[in-house]
Amino acid sequence: MHAFIYKSLRKAETYVYLVARDDFARLPPPLRAQLGTLVFVLEVTLTPERKLAREDVAVVRRNLATQGFHLQFPPTQLDPLPDA
């Protein structure tokens, strides 16, 4: 399965995986508006064996197959000064 990955210029560290290049029509309009401009970053083949840095490849493949896109959010940041 191929995926086309785009970076949101409005939302830091937010990426959209699409099943077809430049097929932004698959994104719900409110989501598309929130993401702002999307810039192409990478084309990748997603096999079950492939490792992704921040995502579970099985989840990405399932989302691409069922809805045509997958959204990758930035990692959550832990409070550097937790309550003692």
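Residues numbered from 1 in each chain as written. Predicted model: local features only at pLDDT ≥ 70, side-chain atom pairs only at ≥ 80, totals over all residues. Heavy atoms only, no water.

## Side note on the confidence of the model for the chain
Next, step 1: Mean pLDDT over the chain stands at 90; residues scoring 70 or higher make up 90%.
Next, step 2: The lowest-confidence element of the chain is helix H1 (residues 29-35), averaging 93 in pLDDT; the highest-confidence one is strand E2 (residues 15-18), averaging 97. (pLDDT = per-residue confidence, 0-100. Helix = DSSP H or I, 4+ residues; strand = E, 2+ residues; numbered from the N terminus.)

## Comments concerning the pairing of strand E1 (residues 2-8)
Next, step 1: Judged by how many residues are buried, E1 sits mostly within the fold: five of seven residues are covered.
Next, step 2: Where E1 and strand E3 (residues 38-45) come together, seven bridges link them in antiparallel fashion. In the strand pairing of E3, Tyr6 is matched with Phe40. (Buried < 20%, exposed > 50% of the residue type's maximum accessible area, 1.4 Å probe, protein only. Pairing = 2+ DSSP bridges.)

## Some points on the nonpolar core
Next, step 1: Counting 10 residues, the largest nonpolar core is built from Phe4, Tyr6, Val16, Leu18, Leu27, Leu31, Leu35, Leu38, Phe69 and Leu71.
Next, step 2: Listed by contribution, the elements that provide at least two residues to this core are E1, E2, H1 and strand E4 (69-72).
Next, step 3: Discounting residues that sit within four places of it in the chain, Phe4 has contacts with Val16, Tyr17, Leu18, Val19, Ala20, Arg21, Phe40, Leu42 and Glu43.
Next, step 4: Counting eight residues, the second-largest nonpolar core is a separate cluster that includes Ala3, Ile5, Val60 and Leu64. (Core = buried A, V, L, I, M, F, W, Y, C linked by side-chain atoms within 4.5 Å. Contact = heavy atoms within 4.5 Å.)

## Quick notes on the pattern of salt bridges
Next, step 1: Summed over all chains, the structure comprises two salt bridges.
Next, step 2: Residue Arg54 pairs with Glu13 through a salt bridge whose shortest N-O separation is 2.9 Å. Taken together, the residues span a long stretch of sequence, with Arg54 in the loop between E3 and helix H2 (57-67) and Glu13 in the loop between E1 and E2 at a distance of 41 residues.
Next, step 3: Exposure remark for Arg54: the relative accessible area of 44% places this residue in the partly exposed category.
Next, step 4: For the salt bridge of Asp23 with Arg26, the shortest nitrogen-to-oxygen distance reads 2.7 Å. (Salt bridge = Lys/Arg side-chain N within 4 Å of Asp/Glu carboxyl O.)

## A short note on unusual backbone geometry
Next, step 1: Unusually for a residue other than glycine, Glu13 sits at a positive phi of about 55°.
Next, step 2: For Glu13, a relative accessible area of 34% gives the class partly exposed.
Next, step 3: Unlike most non-glycine residues, Asp22 shows phi in positive territory, near 60°.
Next, step 4: Mapped onto the fold, Asp22 is located in the loop between E2 and H1.

## Here's the deal with the layout of surface pockets
Next, step 1: When its volume is computed, the largest pocket comes out at roughly 210 Å³.
Next, step 2: As for the largest pocket, its lining consists of Ile5, Tyr15, Tyr17, Val41, Leu42, Val44, Arg50, Lys51, Leu52, Ala53, Arg54 and Gln72.
Next, step 3: The dominant element in the lining of the largest pocket, judged by the number of residues it contributes, is E3, at three residues.
Next, step 4: For the lining of the largest pocket, the residue count by class is eight nonpolar, one polar and three charged. (1 Å grid on protein atoms, 1.4 Å probe; cavity = no way out; pocket = protein on both sides within 12 Å on 5 of 7 lines; lining within 4 Å. Points joined across faces, edges and corners; volume = space filled by probe spheres on them. Nonpolar A, V, L, I, M, F, W, Y, C, P; charged D, E, K, R; others polar.)

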